[in-house]
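Each chain, written out:
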Amino acid sequence: MFSGWGAYRPHLSDSPGPPSVLDKFPPETARQIAIAVVDSVVPACLDASRQPIITTEEDVDWTMNVVAHGLRLPLEYEETIRKCCLLYQDWMNVLLGLPSSAPRCIRNKPEFYAQRILSQFEGTFTLRSDSDGGRVAVHIRLALHVLGVIQRLAFGAKLSELTWNTLLSSLVKICDRLLSPPCRLFGTLAERIGEPLVQALYNVWIKACDGNFPSPTLWKTLQEAVVTWRHQRPVVDEWTQICQVLTSSVVRHLYGSSHGDDLTLKATYEDNTTTVSLKVSMPPDALVQCWYRFLLILGNPVELSRPQVIGKTQAFMQAAIENGDPDMHHTCLQRLPSIFLLAQRGVAGLVDLFLQLSVQPGQLSKASGGDDESQSSIAMSPTAAVTADNRLHDVAGTVASSFLPASLFSANKGKGADGRPALPKRSTLLHIFGEWLFQSALPSPDDVRIMNRIAAGSAVPASRVDEGVIPMAAFEAGRAEALACLCRLFCASCCNEQFIAVYLARFYYVLQQGLTYIPNYHRGDVLANLLMFSSEIFCNDLAGAFCLMPSYLDALELVLPVSAMPFVCNCNVQELRRSSTMILMSLLCVPMHFNDLTISDLSLVKGTAESSGAGHATRSDTGGVRFSSLRVTITNLVFAALRCEKSPPVVQMLLGAVMVMVQDAAAVEKASQPDGEVSGDPGDSQGSSLQSPVQPEQRFTLSAQGEGFQSRQQNTINAAVICVRACRDVTQRFLRFDSSNSVHVIMSALELMSGLATLNLCGVSGIEWRYTVRWLCDFINTLVCQPPRAHSRDLHSMIVAAYHCLLAWTTCNHRLLFEQEPLRAVLDVCELGLTGSKSVSKPRDEDDPVPSLRGEKEFRPVSRRVLEAAEMVLYAILEHLGAFPPPMGPAAVSSMLDEASLLKRLGKTKGSSDAAFRYYSIDSSTLLGLLPCPVTSDATLPTVTIILRGPSGRHTWTMQLRQVPRHAQPLLAEQLAPVKRPEPHSDPKYTVLPPRQPWPEVVKAMPKTEADCSIPALAETLGSSTEESVHVGVQDLVNKQAELEREFVNRIPNAKHSSHPPRLKPPPIREAFQTSRLLLSHLGFVTPEGLMSSMNKNSDRSDSFTLMDSEKSTFSPQVQALDALPTRHTDTVHVFYVRPGQSSLSDILSNRNLISQQRPEFAEFLNALGWPVDFATHPGFKGVSSCLHNPLDSSQAPMPYYADNNTEVLFVVPSLQKRARQFLTKLNEQRSVDGSNAEEATLAAKVDILDAEQSSAPTTASMTSCASLTSVPLNAPSSHHSRSSTVPLAWQLDASIIIVWLERFEDWAAFPLGKIAELVSPMQGGSGTLPIQAVFVHPLNTGLYRIERASSPSSGVMAGPLLNDMVVSRRSLGPLVRQTVLNMARRRRILADSYSPPHALRKRRMEELCKGHINKQSIPDFYCELFRPHAAASAV
């Protein structure tokens, strides 16, 4: 840029200031004259009350000759020099419009004399013989005073072009005389005055560009001068600051007011502490030209790392000759490493300003204010875009396209068409800064040769040590900054452009060189910065980036498997390990994805050393490394890092990485199985004598650092091996009560264990699963049995999470509980959670220990949440173990039959006497509904239908009373039939027998004795007429009866009788039963002992068997409300599709209706989340439906749905519907009309159009309005068909989860997360927005998928396994995303103290229902009611 122009450089070394007439006198005489004149003239000139002494031009010329000599006096005459400065300052006030005592001639020609004064001011900075002594402070004060005068003149006066040229030339000469020599000669003055001096030069120069743009010759002069000052730290420091200010203003001008800042300079005046902000209003063209030229005045910053170049200037060579040191061992050259670092940091800051990037403080090493080398930041360099032969013809000319890339200035201001900031392309920035960055990032050729010799086994050459030359390691910090800047350019998340192949090749080569580490030669700054800032290199679509995979793995083996870094690391070690872990997470699925594809070798020089000791030469000889061979290395690194890592966030990332590896390996193995082969049940291998076929200790060991890739390829692993190793490592390290493990780390470990339990892996012995379950039980026991002072909210959250994990292991591997030991361990921890203690044996006698029964213990659970978690596990074991999915499928774990369905099948109606249900309460936790009517055609047996409602749901049973098996039923009918008898042959007649005598006839002949007359006759005893009449009446009755009997006997001979006596027949079979009474009696519920407590009217207890009053009007609605409660954890997840550049909510919601414009992979992803269901016929999802989707609308497409025995989740793809429009209308009414609702208005307009289109199409179900979901009262009626529109809030989670499919990854930052939260919040029935968590999925060109997570501040810690910047394969994307959202919802529930699981909510609702409808009766009344036939009652 400056090569075609001349410079004033030869004149810079002239004597300072114009010559004075006193210079011809002897020094002592001239000094005395100057002191005398100044002491007499200056006070008179500055005192306005005195008669002016100097009036004519001759007087002024003579005085200025004396003052010029006075400014160069020795520093011991400080007062005289100060008076000279004050005189010139007073005369220059004329240009500033300030009061001045200047003569008339100066007032008439102020700029002419100002130019002379500026030239003479150079004498103030003349180096005296005593400048390095104790009077250096005097010199500094005088110099700062002059600099302040010059800056006030530049910023306060309107100067001509000639005056500006004189001012700029004088400043350049002053700086050149002080800054160009080595610091060893005049280091004290140059160091202490260097910063304000250079600051003044740069500030005045920029001010000159505003209206008086310096000529090309001046720019060339400045550039040549600054190049010779680069060994001075203030020169580079001020250059970086001024370039930052100019770049910020250029960015503001080019890309809108939302970027950058106004041009504001900072000036330091006399006391070196007062800083003044100076605003400069510069024309845009001049601003861009000024920025670009200032960018180039320092030359190539790479030369700062080459002392042989910096030390070849004229001033250095002259100093070497004068001091007899031809080797140029100058002190200032030893500071070049810190100066080089400072320059690279400044260049990188400029790149970040263009990219609008903010480097996190934790990622940068702390800056050093002294000579010590610090870490962090960036680098820059622009000569690649400059045409050297171009010349500037205008002093303030416009920007020429040949000087700068046109693409840098072609972008529109403000935002682009897609609403995003119109920032320059990264290739454009590489055109400007690329050459400097690439050169700075590479080691010098000499260092490369030394590295190769070290790699070959040779020692460092002795000359390298004895030369005294600065070693390469000293410049590693600056080289690291250049690499960090390149990594941000190529690897940034928002990078969606295609780079030029040449730039990519250079970048990969630079990275490959930077990843090389040789102990005792490299410091490690380059490797550390490279790993920290290239964490996203494999997450973006950089063509050919995976060729660096072996080099990165070698570098990661230096960082992750060890706790202490093997190299000197000045950066934040925690951030370094975190970035290294992120790189590792982006490589988890790559080996299995590319499989046997060969990785190209980037080693341009054969034999280049590698960091881990595994040379590239081996790979070159074998023709490269296959991706599949790196699988063992990645797996080893994950487990090694998990063993050494201490940071909780990084540990959670590694735990998620383990789950991704196992899931992906399991998916690969499942796809490779032949048709018809089914994975074995891990619980099939029974017996303690069986040994696990997987031997992780033998087949899966961490490779030593000395091993190469060839030795690693010999290891083979599969999903079962990784799973077993994960179970062992996680249980042994994390499933123990330790203060070093945070609650979120333990929860992540338990989530990993839960995920491993759901995988049906073959080849794993049941011993491994039993070991894991036993460890989980011991972990729960350890947590619960902690002393009271250790119990806290976090501890109870860990206990609840452990119960959830135990639930997953027991239900997914149900055969584990077929054995006594695992079953006893699980039931023990359930009892511990329910009661707070176990049933341990207590010695009654020493020889007769008996267990402590449950009824003898005091119920003291550690907390309500722990109690409910233990109940959940127990319910699942008793009801779902080995019984899921039920006959009706996984969509419902409760019976879909209710009272209405049963009565409809029986053809009964409400109110009929034989269709009434009778309800009983058992322990106030179970509602028993009995219907004594058969539901089948077989009515010969006593049948009762039972609807059982409990905490786990509603269940319907039909029971029959049978005395014989079903196969013996036909034989029973034959046995009950009457046996046929033979018919009689004749009809014999009855023979009338003579009457029998009570005693023999001989008795009548015997004489009577007195004893016979001891009982008097009846007539003798009658004493009155009344008694006689009674006797007569009785005698008449006896006579009449005797007459009747004689008549009957007389008729017998004439009657016809059968020939055989009457037959005895069995009683007829009973066809009508009170089946309810029989069943309750057989179950033992109606015994007087069991009814004693519940039937006591004075008792409030209802913990036994009681009759319910179902005739109350509130009973039926409350039973319906109970049925509406869920029996499992339910979640609703919204899935959005975002096309490139979309950030408007209306456009995003419209994508649901534009299926033809969506990727086929998106539909595949939805199918992998769950199986499609049609909610018009779905058994009944009891989750929340948002106003973005109506699940009861049959016109909607099937939605993905997933359910297990504990959770069900619906994935809703929202679209524009009336429900969304109604909500937005309500939202607009609540907001002020200020134009902020333009997007909602657009959305409403699109809804109107779509509604008109949909109204013409036939639909089977009408839209329902978006109702605010509030808590359902106990007496609120509900319908089976409106199950999803009215749901209680008590069990709902106060958070929302969404999944976003991104066609362009950088759109995640512009996704309207807040507006989405407002739309999904009304489904919770609350005011305001709820915490929301989002999972972004972006398809890469390689066929892999990148994951990003985002959440609102109040959403809590993110759950895994998928975390930021993870890369997963296509085959495992759906299961991993589903597991992630389920873990997110589960962790949110676990951490919420107020959340109640479904079974606990149903239990409390059941207690309320039973207490409000108990029919208080005495025992006799209860029995009367029990035996009474069913009366007409209202059926539910």
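Parameters at a glance
- Residues numbered from 1 in each chain as written.
- Predicted model: local features only at pLDDT ≥ 70, side-chain atom pairs only at ≥ 80, totals over all residues.
- Heavy atoms only, no water.
- Helix = DSSP H or I, 4+ residues; strand = E, 2+ residues; numbered from the N terminus.
- Buried < 20%, exposed > 50% of the residue type's maximum accessible area, 1.4 Å probe, protein only.
- Contact = heavy atoms within 4.5 Å.
- Areas by Shrake-Rupley, 256 points an atom, 1.4 Å probe, with all protein chains shown as cover.
- Pairing = 2+ DSSP bridges.
- Patch = residues over 30% accessible without salt bridge, like charges linked within 9 Å, V, L, I, M, F, W, Y side chains within 5 Å.
- Salt bridge = Lys/Arg side-chain N within 4 Å of Asp/Glu carboxyl O.
- Arc of directions from axis to C-beta.
- Phe/Tyr/Trp six-rings, centres within 6.5 Å; stacked < 30°, edge-to-face > 60°.
- Axes fitted to C-alpha atoms, helices over the stretch in contact; angles between N-to-C directions.
- Parallel < 35°, antiparallel > 145°, perpendicular 65-115°, else oblique.
- Left-handed = near helix turned anticlockwise from the far one by under 90°.
- Nonpolar A, V, L, I, M, F, W, Y, C, P; charged D, E, K, R; others polar.
- pLDDT = per-residue confidence, 0-100.
- Expected span 1.5 Å × (residues − 1).

Asks: Would you mind going over the overall build of the protein chain with me for this structure?
Replies: Helix and strand counts for the protein chain stand at 51 helices and 19 strands. Relative to its full complement of 1436 residues, the protein chain shows a buried share of 52%. The long-range share in the protein chain, meaning contacts at least 24 apart out of those at least 6 apart in sequence, stands at 77%. Total accessible area on the protein chain is roughly 63,400 Å²; 54% of this is exposed by carbon and sulfur atoms.

Asks: Looking at this model, I keep getting lost on the sheet that holds strand β15 (residues 1207-1212). Mind explaining?
Replies: Paired through backbone hydrogen bonds, the strands of a sheet run either parallel or antiparallel to each other. The strand order across the open sheet built from eight strands is β13-β14-β15-β12-β16-β17-β18-β19, with neighbouring strands paired in mixed fashion. Each edge of the open sheet carries a strand with a single partner, namely β13 (1171-1173) and β19 (1367-1368).

Asks: Can you help me understand a nonpolar patch on the surface in this one?
Replies: On the surface, a nonpolar cluster with roughly 410 Å² of combined accessible area is contributed by Trp999, Val1002, Val1003 and Met1006. Secondary-structure assignment places valine 1003 in helix α38 (residues 1002-1005). When its relative accessible area of 36% is taken as the criterion, valine 1003 is described as partly exposed.

Asks: How should I be thinking about the pattern of salt bridges in this particular structure?
Replies: A pair can form between side chains of opposite charge whenever their charged atoms are brought close. Applying the stated rule across the entire model yields 37 salt bridges. As a salt-bridge pair, arginine 488 and aspartate 352 come within 3.1 Å of each other at their nearest N and O atoms. Residue arginine 488 is located in helix α19 (residues 476-491), and its partner aspartate 352 is located in helix α14 (residues 336-355); the two are separated by 136 residues in the primary sequence. When its relative accessible area of 8% is taken as the criterion, arginine 488 is described as buried. What makes aspartate 352 buried here is its relative accessible area of 6%. Aspartate 729 is paired through a salt bridge with arginine 725; the nearest N and O atoms lie 2.9 Å apart. Taken together, the residues aspartate 729 and arginine 725, both in helix α30 (residues 719-733) and four residues apart, mark about one turn of the helix. Overall, arginine 725 belongs to the buried group, its relative accessible area being 15%. Connected via shared salt-bridge partners are Glu899, Arg949, Arg954 and Asp1123.

Asks: Would you mind going over helix α45 (residues 1160-1169) with me for this structure?
Replies: In an α-helix, one full turn covers 3.6 residues, which means residues spaced three or four apart are oriented alike. Listed in full, the buried residues belonging to α45 are Phe1162, Phe1165, Leu1166 and Leu1169. Angularly, the buried residues of α45 cover 100 degrees about the axis, an arc narrow enough to put them on a single face. Exposed residues on α45 whose side chains face more than 90 degrees from its buried face are Pro1160 and Asn1167. The elements touched by buried residues of α45 are β12 (1129-1138), β14 (1199-1203), β15, β16 (1296-1302), β17 (1332-1339) and α49 (1370-1391).

Asks: When you look at the packing of aromatic side chains in this model, what are you seeing that I'm missing?
Replies: Centre-to-centre distance and the angle between the planes together describe a pair of aromatic rings. In total, this model carries 37 aromatic pairs according to the counting rule given. Look at phenylalanine 438 and tyrosine 503: their rings are 6.2 Å apart centre to centre, the planes differ by 25 degrees, and that puts the pair in the stacked class. Of this pair, phenylalanine 438 sits in helix α16 (residues 426-441) while tyrosine 503 sits in helix α20 (residues 501-514), placing them 65 residues apart in sequence. For the pair phenylalanine 438 and tyrosine 503, a shared accessibility class is recorded, and that class is buried. Look at phenylalanine 490 and phenylalanine 507: their rings are 4.2 Å apart centre to centre, the planes differ by 10 degrees, and that puts the pair in the stacked class. Here phenylalanine 490, found in helix α19, pairs with phenylalanine 507, found in helix α20; they are 17 residues apart in sequence, far enough to count as distant.

Asks: Where do I start with unusual backbone geometry in this structure?
Replies: Trans peptide bonds make up most of the peptide bonds, and negative phi angles are found at most residues other than glycine. A cis amide bond, omega 5 degrees, links glycine 1360 with the succeeding residue proline 1361. At asparagine 595, a position not held by glycine, the phi torsion is positive, near 55 degrees. Mapping asparagine 595 onto the fold places it in the loop between α24 (590-594) and β3 (598-599). With a phi close to 55 degrees, serine 924 is a non-glycine residue in the positive phi region. Topologically, serine 924 is positioned in the loop between β7 (918-922) and β8 (926-931). With a relative accessible area of 8%, serine 924 lands in the buried category.

Asks: Please explain the packing of α14 against α19 as it appears in this structure.
Replies: In a pair of packed helices, the angle between the axes and the distance between the axes together describe the arrangement. For the pair α14 and α19, interaxial distance at closest approach is 8 Å and the crossing angle is 10 degrees. Comparing their axes, α19 and α14 come out roughly parallel. In this structure, the crossing between α14 and α19 has a hand that is left-handed. Packed against α14, whose contacting residues are Phe340, Leu341, Gln344, Ala348, Val351, Asp352 and Leu355, the element α19 presents Ala477, Gly478, Arg479, Glu481, Ala482, Cys485, Arg488 and Leu489 at the interface. Grouping the constituent residues of the contact of α14 with α19 by class yields nine nonpolar, two polar and four charged.

Asks: Whenever I open this one, the confidence of the model for the protein chain confuses me. Can you help?
Replies: When pLDDT drops low, the exact placement of atoms in the prediction is not to be read closely. Taken residue by residue, the protein chain gives an average pLDDT of 74. The fraction at 70 or more is 70%. Per-element mean pLDDT across the protein chain ranges from 36 in helix α28 (residues 696-699) up to 93 in β19. Per-residue pLDDT stays below 50 along residues 1231-1294; that stretch engages in 122 contacts with residues further than four places along the chain or on separate chains. For residues 1322-1327, every residue scores under 50 in pLDDT, and the model assigns this stretch 18 contacts once sequence neighbours within four places are set aside.

Asks: Any chance you could explain the sheet that holds strand β11 (residues 1105-1107) here in plain terms?
Replies: Pairing is antiparallel across the open sheet formed by five strands, whose spatial order is β10-β9-β8-β7-β11. What marks the edges here is a single partner per strand, and that holds for β10 (953-960) and β11. Pairwise comparison of adjacent strand axes, ignoring direction, gives a mean angle of 25 degrees for this sheet. Note: β7 against β8, five bridges, orientation antiparallel. Note on β8: the bridge partner recorded for isoleucine 922 is threonine 926. The sheet strands contacting helix α36 (residues 899-906) are β7, β8, β9 (943-950) and β10, and the helix crosses β9 at an angle near 165 degrees. Packing of helix α43 (residues 1115-1124) onto the sheet brings it into contact with β7, β8, β9 and β10, and relative to β9 it is tilted by some 65 degrees.

Asks: Can you walk me through the pairing of β16 in this structure?
Replies: Put simply, side chains in a regular strand alternate between the two faces of the sheet. Counting buried residues in β16 gives seven out of seven residues, a clear majority hidden from the surface. Covered by surrounding structure in β16 are Ser1296, Ile1298, Val1300 and Leu1302 together with Ile1297, Ile1299 and Trp1301, the residues of both alternating faces. Two elements, β12 and β16, share six bridges in a ladder whose sense is parallel. Across the sheet, the residue bridging to valine 1138 is leucine 1302, located in β16. Pairing of β16 with β17, which is carried by six bridges, proceeds in the parallel orientation. Across the sheet, residue isoleucine 1297 finds its bridge partner in β17, namely glutamine 1333.

Asks: Looking at this model, I keep getting lost on helix α6 (residues 136-156). Mind explaining?
Replies: Look at α6: 30 Å from first C-alpha to last across 21 residues, which is about the 30 Å you get at 1.5 Å a residue. Buried residues dominate α6, accounting for 17 of its 21 residues.

Asks: Please clarify how the pairing of β14 should be interpreted in this entry.
Replies: Most of β14 sits inside the fold, with four of its five residues counted as buried. Two elements, β13 and β14, share three bridges in a ladder whose sense is antiparallel. In the sheet register, proline 1172 faces β14, and the bridge partner there is proline 1200. In this antiparallel pair of consecutive strands, β14 and β15, the connection spans three residues.

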